Amino acid sequence: MSRGHGGRLAAPRCLTRPAPPHVRPRLPPQSSGVPIDPVCFQHYNELQLQHKLRWIVFGVQDNCIKFFASGDASKKGREAWNEFTGTGNMPDAECKYGVFDLDISIDDGVHERENSKIVFVNWADDNAKIKTKMVHASSKDAFRKGLSGVAVDYQAADRDELKYENMLEMKASELKIPKGSLEKMMSS
């Protein structure tokens, strides 16, 4: 601090006047992640509302979340899940988002009924590049919030975690799948 007129201490100059614009630090933007292509939500509506699709894969491409692939609703269960999580759709050393319309047969001993639940899959392979994982992670929440009707979120980082049985075991309680129904789903 410097001495001002009359011997009093003067406030430092930086507290009395703001720094000129060319000296101010540049702050990063407040929101994180990349923009979302509106086509993604059109495909999601085909899955959720029209039940035309069983699964959809999205990915970050050209700094935007875009539609990547989909599977029709004719396949079910393990067969559809294996197609959804195959290396053609969820490649090794990459990151993708996916939604899967999971059919659940609920048998409570009195009645058997069909139900479906949408599972959001966040595939971030352990072997993906750090920057890819960072962009993927920073974009996930905004994208996920735009997908209404998702029952559960599932995170997978390696091929074992993408297996149908592992997803069912990890998410059975959240999906409210009774034990008998779970055993039936895992054996089919």
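Residues numbered from 1 in each chain as written. Predicted model: local features only at pLDDT ≥ 70, side-chain atom pairs only at ≥ 80, totals over all residues. Heavy atoms only, no water.

Trainee: Residue-level account of the packing of helix 5 (residues 164-175) against helix 6 (residues 179-187), with values.
Mentor: At a minimum axis separation of 10 Å, helix 5 and helix 6 run at an interaxial angle of 170°. Accordingly, the angle class assigned to the pair helix 5 and helix 6 is roughly antiparallel. The way helix 5 lies across helix 6 gives a crossing that is right-handed. Residues Tyr164, Glu165, Leu168, Glu169 and Ala172 of helix 5 pack against Leu182, Met185 and Met186 of helix 6. By residue class, the composition of the contact of helix 5 with helix 6 is six nonpolar, no polar and two charged. (Axes fitted to C-alpha atoms, helices over the stretch in contact; angles between N-to-C directions. Helix = DSSP H or I, 4+ residues; strand = E, 2+ residues; numbered from the N terminus. Parallel < 35°, antiparallel > 145°, perpendicular 65-115°, else oblique. Left-handed = near helix turned anticlockwise from the far one by under 90°. Contact = heavy atoms within 4.5 Å. Nonpolar A, V, L, I, M, F, W, Y, C, P; charged D, E, K, R; others polar.)

Trainee: How would you summarise the nonpolar core if you had to cite specific residues and measurements?
Mentor: Counting residues in each nonpolar core, the largest one holds 26 residues, and the members touching the most others are Phe84, Leu102 and Leu168. Residues within four places of Leu102 in sequence aside, it is in contact with Asn115, Ser116, Lys117, Val119, Tyr164, Met167, Leu168, Leu175 and Met185. In this structure, Cys40, Phe58, Tyr97 and Val150 belong to the second largest nonpolar core, which totals 15 residues. (Core = buried A, V, L, I, M, F, W, Y, C linked by side-chain atoms within 4.5 Å. Buried < 20%, exposed > 50% of the residue type's maximum accessible area, 1.4 Å probe, protein only.)

Trainee: Tell me about the environment of Asp125, and name the residues and values.
Mentor: With respect to the helices and strands, the residue Asp125 is situated in the loop between strand 4 (112-124) and helix 4 (130-145). With 34 residues separating them along the chain, Asp125 and Arg159 place their C-alpha atoms 8.2 Å apart. For Asp125, the residues in contact, after removing those within four places along its chain, are Asp92, Ala93, Glu94, Lys133 and Ala157.

Trainee: An account of the confidence of the model for the chain is requested, with residue identities and associated values reported.
Mentor: Interpreting fine coordinate detail is not advised for predicted regions of low pLDDT. Per-residue confidence for the chain averages 86 on the pLDDT scale, and 83% of its residues sit at or above 70. Per-element confidence in the chain ranges from a low mean pLDDT of 38 for helix 1 (residues 13-16) to a high of 98 for strand 5 (residues 150-156). Overall, residues 9-30 carries pLDDT values under 50, and its contacts beyond four positions in sequence, including any with other chains, amount to ten contacts. (pLDDT = per-residue confidence, 0-100.)

Trainee: So, the sheet that holds strand 4: which residues are in play, and what are the values?
Mentor: Pairing within the open sheet is mixed, and its five strands lie in the order 2-1-3-4-5. The two strands at the open ends of the sheet, each matched to only one other strand, are strand 2 (64-72) and strand 5. Pairs of neighbouring strands in the sheet enclose a mean axial angle of 25°, with direction left out of account. Here strand 4 pairs with strand 5 via six bridges, running parallel. Pairing of Ile118 across the sheet is with Val150, part of strand 5. In the packing of helix 4 onto the sheet, contacts are made with strand 1 (53-61), strand 2, strand 3 (95-107), strand 4 and strand 5, and the angle to strand 3 comes to roughly 50°. (Pairing = 2+ DSSP bridges.)

Trainee: I'd like a description of the packing of helix 3 (residues 77-85) against helix 5, backed by residues and values.
Mentor: Each packed pair of helices is defined by two parameters, the angle between the axes and the distance between the axes. Orientation of helix 3 relative to helix 5, taken along the N-to-C sense of each, is 105°, at an axis distance of 10 Å. Compared by their axis directions, helix 3 and helix 5 come out roughly perpendicular. For the pair helix 3 and helix 5, the contacting residues are Gly77, Arg78 and Trp81 in the first and Tyr164, Glu165 and Met167 in the second.

Trainee: Could you give an account of the state of the cysteines, naming the residues involved and the relevant values?
Mentor: Taken as a whole, this structure holds zero disulfides when the rule is applied. No disulfide involves Cys64; its nearest neighbouring cysteine sulfur is the one of Cys40, lying 6.8 Å away. (Disulfide = S-S within 2.5 Å.)

Trainee: Could you give an account of the side chain of Lys171, naming the residues involved and the relevant values?
Mentor: Assignment of secondary structure puts Lys171 in helix 5. Residue Lys171 is classed as buried on the basis of its relative accessible area of 12%. A polar contact of 2.9 Å, which involves the side chain of Lys171, links it to the side chain of Glu174. Sequence-distant contacts of Lys171, that is, excluding residues within four places in its chain, are made with Val152, Asp153 and Tyr154. (Polar contact = N/O pair within 3.5 Å; in protein donor to acceptor, adjacent residues only side chain to side chain.)

Trainee: Describe helix 5, naming the residues involved and giving the relevant values.
Mentor: Relative to the 16 Å expected for twelve residues at 1.5 Å per residue, helix 5 spans just 14 Å between its end C-alpha atoms, considerably shorter than the ideal helical length. Buried within helix 5 are the following residues: Tyr164, Met167, Leu168, Lys171, Ala172 and Leu175. Looking straight down helix 5, one finds its buried side chains confined to an arc of 150°; they lie on one side. Of the exposed residues in helix 5, the ones pointing more than 90 degrees away from its buried face are Glu169, Met170 and Ser173. The elements touched by buried residues of helix 5 are helix 3, strand 3, strand 4, strand 5 and helix 6. Taken from the residues just after helix 5, Lys176 is the one with a positive phi, measuring 60°. (Expected span 1.5 Å × (residues − 1). Arc of directions from axis to C-beta.)

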